Amino acid sequence: MHGAFEHLVLEMAIIFGGASLLGTVFVWLKQPIIMAYIMLGVIVGPHGASLIVNDGHIDSISNMGIILLMFLLGLHLHPRSLVRQLKQTAVVTFLSITATGIMIWALLITCFDFSMIDAIISGLALSFSSTVISLKLIPTSTLHHRRTGEVMISILLFEDILAILTILILYSGGQGFNLDAVLLPLKTCAFSLCAWWLVRNLVLPLFSRFDIISEYIFLMSLGWCFAAAQMAEWLGLSHEIGAFIAGVAIATSPIALVIAEGLKPLREFFLILFFFSVGAQFNPFLSWNLFIAVIACALLVLVTKPFIFRVLLKSLAGERADNASEMGLRLGQSSEFSLLLACGALAGGKISHDTALLIEAAAIITFVVSTYLVVFKLPTPISPKGELRSD
């Protein structure tokens, strides 16, 4: 027990000490500090110096950052606004995923001789946008108080739901008809009603009774967030969806803003671990043919996704050209779900090892390039340019 604790402390020292040193260099060079976290994972991870070989538990801990991020998003989104935005963006989201997935499938089939199932799963995995990258790089004022933020949240939420459906259909072990996938919308509605009832009859009364103690608000908020996330997982949804619904259930109360402000530092702690784990998963030692396929898929995502979103948001959602272009650029990368799908598909024997490497490497490249494009072109909280730094 004591040895395991010492090992964890050593890993935290390497991660946060290394991130501090490398982050200093990146800030001095006017580069996005997120890149320092990813680069550190590449350097000290299992494919680098191997100072941290077994990054599985680091990856698990880092996922709590995504859960907290989704919870904080929900706190700022009124249920009526959420339903309205989902109605407006559902078709846009579905068409963008379909178009991107088909192009990647066609590229891998025609140019790189991938099997049909490998190409299909690669197209699906790389067609979703990253919730973490997209929302980490958008100013808080834009995210919570402008239409751009509301539309992006609704698109990313709908993509998360579709990603969960994909995972259920592909990897639940069944053949043909999949009852879990069919019941997913019903489970989501049932969980939402249950969360709303608990908030109205238990969570908010407790907040009102003891809100004079700030530590109690912090403790109760975390308890509700992670309890809801786990209940959603038991129902076959996901931790992230559960945390988001838990936040939306509180969003109608004024205390939501107080909770959101108090949880921000904790969210940043776990997101640093998330970006480190992304870098640690990157394997730079690829065969030449696979390397070319990775670059081709990454370029296809980076070039076509912003264009597809811009066209669809302008033509189907009635967005202004400048808003549609900004949202397209912010959503123009693959998702953390890509890594999950690749690992699950490989473990389930659905894809080859090379295909899993392609999905992971292409997704991480889009994370890096998309981050650079956004921080040097659009307002972000971490932009190296003073005129673009905004929160």
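Throughout this document, residue positions are counted from 1 along each chain, in the order its sequence is written. Residues qualify for local features only when their pLDDT is at least 70, as the model is predicted, and side-chain atom pairs are given and counted only at 80 or more; totals for whole chains, interfaces and linings, by contrast, use all residues. Hydrogens and water are ignored here; the side-chain numbers use all heavy atoms of the structure.

Caption draft 1: Quick peek at the overall build of the chain. Helix numbers and strand numbers start at the N terminus; a helix is a DSSP run of H or I with at least 4 residues, a strand a run of E with at least 2. Scanning the chain from N- to C-terminus turns up 16 helices and zero strands. Here the chain holds 391 residues, and the buried ones make up 52% of them. Two residues form a contact once any of their heavy atoms are found within 4.5 Å. Sequence-distant contacts in the chain: of pairs separated by 6 or more residues, those separated by 24 or more amount to 77%. Using the Shrake-Rupley algorithm and a 1.4 Å probe, accessible areas are obtained, with residue cover drawn only from the displayed protein chains. With an accessible surface of roughly 17200 Å², the chain has 70% of that area assigned to carbon and sulfur atoms. Each residue is assigned to one of three classes by its accessible area relative to the maximum for its type, calculated with a 1.4 Å probe on protein chains only: buried under 20%, partly exposed between the two thresholds, exposed over 50%.

Caption draft 2: Layout of the environment of alanine 345. Position of alanine 345 relative to the elements: it lies in helix 15 (residues 336-347). For alanine 345, a relative accessible area of 0% gives the class buried. C-alpha of alanine 345 to C-alpha of serine 122: the two residues are 223 residues apart in sequence and 10.0 Å apart in space.

Caption draft 3: The arrangement of a nonpolar patch on the surface in detail. Taken together, the side chains of Ile102, Trp105, Met116, Ile117 and Ile120 define a hydrophobic patch exposed on the protein surface, amounting to about 440 Å² of accessible area. Looking at the nonpolar patch, the elements that each hand over two or more residues are helix 4 (79-111) and helix 5 (116-126). It is helix 5 that contributes the most residues to the nonpolar patch, three residues altogether. For isoleucine 117, the location among the structural elements is in helix 5. Overall, the relative accessible area of 40% leaves isoleucine 117 in the partly exposed class. Only residues whose relative accessible area exceeds 30% and that form no salt bridge enter a patch; like-charged residues are grouped when within 9 Å of one another, and nonpolar side chains (Val, Leu, Ile, Met, Phe, Trp, Tyr) when within 5 Å. Take a side-chain nitrogen of Lys or Arg and a carboxyl oxygen of Asp or Glu: if they are within 4 Å of each other, that pair is a salt bridge.

Caption draft 4: Representation of helix 14 (residues 321-330). The element helix 14 is extensively covered by neighbouring structure, given that seven of its 10 residues are classed as buried. Turning to helix 14, its buried residues are Asn323, Ala324, Glu326, Met327, Gly328, Leu329 and Arg330.

Caption draft 5: Molecular detail of the side chain of glutamate 326. In this fold, glutamate 326 is placed in helix 14. Beyond its immediate chain neighbours, meaning those up to four positions away, glutamate 326 contacts Thr148 and Leu378.

Caption draft 6: Fine view of unusual backbone geometry. The phi angle at aspartate 113 is positive, at roughly 60°, despite the residue not being glycine. Residue placement: aspartate 113 occurs in the loop between helix 4 and helix 5.

Caption draft 7: Local environment of the nonpolar core. Throughout, nonpolar core names a set of buried Ala, Val, Leu, Ile, Met, Phe, Trp, Tyr and Cys residues whose side chains join them through atoms within 4.5 Å. Among the nonpolar cores identified, the biggest contains 124 residues, and Phe71, Trp224, Ile250 and Leu358 are the most heavily contacted of them. A total of 14 residues in this core trace back to one element, the largest contributor, which is helix 12 (residues 255-281). Excluding residues within four positions of it along the chain, tryptophan 224 makes contact with Phe71, Ala195, Leu198, Val199, Val203, Met231, Ala246 and Ile250.

Caption draft 8: Seen up close, the state of the cysteines. Criterion for a disulfide: a pair of cysteine sulfur atoms within 2.5 Å. Throughout the structure, instances matching the rule amount to zero disulfides. Free cysteine cysteine 297: the closest other cysteine sulfur is in cysteine 111, separated by 9.7 Å. Residue cysteine 297 is classed as buried on the basis of its relative accessible area of 0%.

Caption draft 9: Fine view of the packing of helix 13 (residues 288-315) against helix 14. To get an axis, a line is fitted to the C-alpha atoms, and for a helix only the part in contact is used. The angle between two axes follows their N-to-C directions and goes from 0 to 180 degrees. Helix 14 packs onto helix 13 with a crossing angle of 145° between their chain directions and a minimal axis gap of 8 Å. Helix 14 is crossed by helix 13, and the crossing has right-handed handedness. Across the interface between the two elements, Pro306, Phe309, Arg310, Leu313 and Lys314 of helix 13 pack against Ala321, Ala324, Ser325, Met327, Gly328 and Leu329 of helix 14. We call Asp, Glu, Lys and Arg charged. Ala, Val, Leu, Ile, Met, Phe, Trp, Tyr, Cys and Pro are nonpolar, and the rest, Gly among them, are polar. When the residues that make up the contact of helix 13 with helix 14 are grouped by side-chain class, the tally is seven nonpolar, two polar and two charged. In this scheme, a crossing is called left-handed if the near helix is turned counterclockwise away from the far one by less than a right angle; it is called right-handed if the turn is clockwise.

Caption draft 10: Layout of the pattern of salt bridges. Across all of its chains, the model carries three salt bridges by this definition. With a shortest N-O distance of 3.0 Å, arginine 320 and aspartate 322 are connected by a salt bridge. Under the relative-accessibility criterion, arginine 320 is labelled exposed at 51%. By relative accessible area, which is 45% here, aspartate 322 ends up partly exposed. A salt bridge links glutamate 326 to arginine 330, with the nearest nitrogen and oxygen atoms 3.1 Å apart. Of the two residues, glutamate 326 and arginine 330 are both situated in helix 14; the distance of four residues between them amounts to about one turn of the helix.

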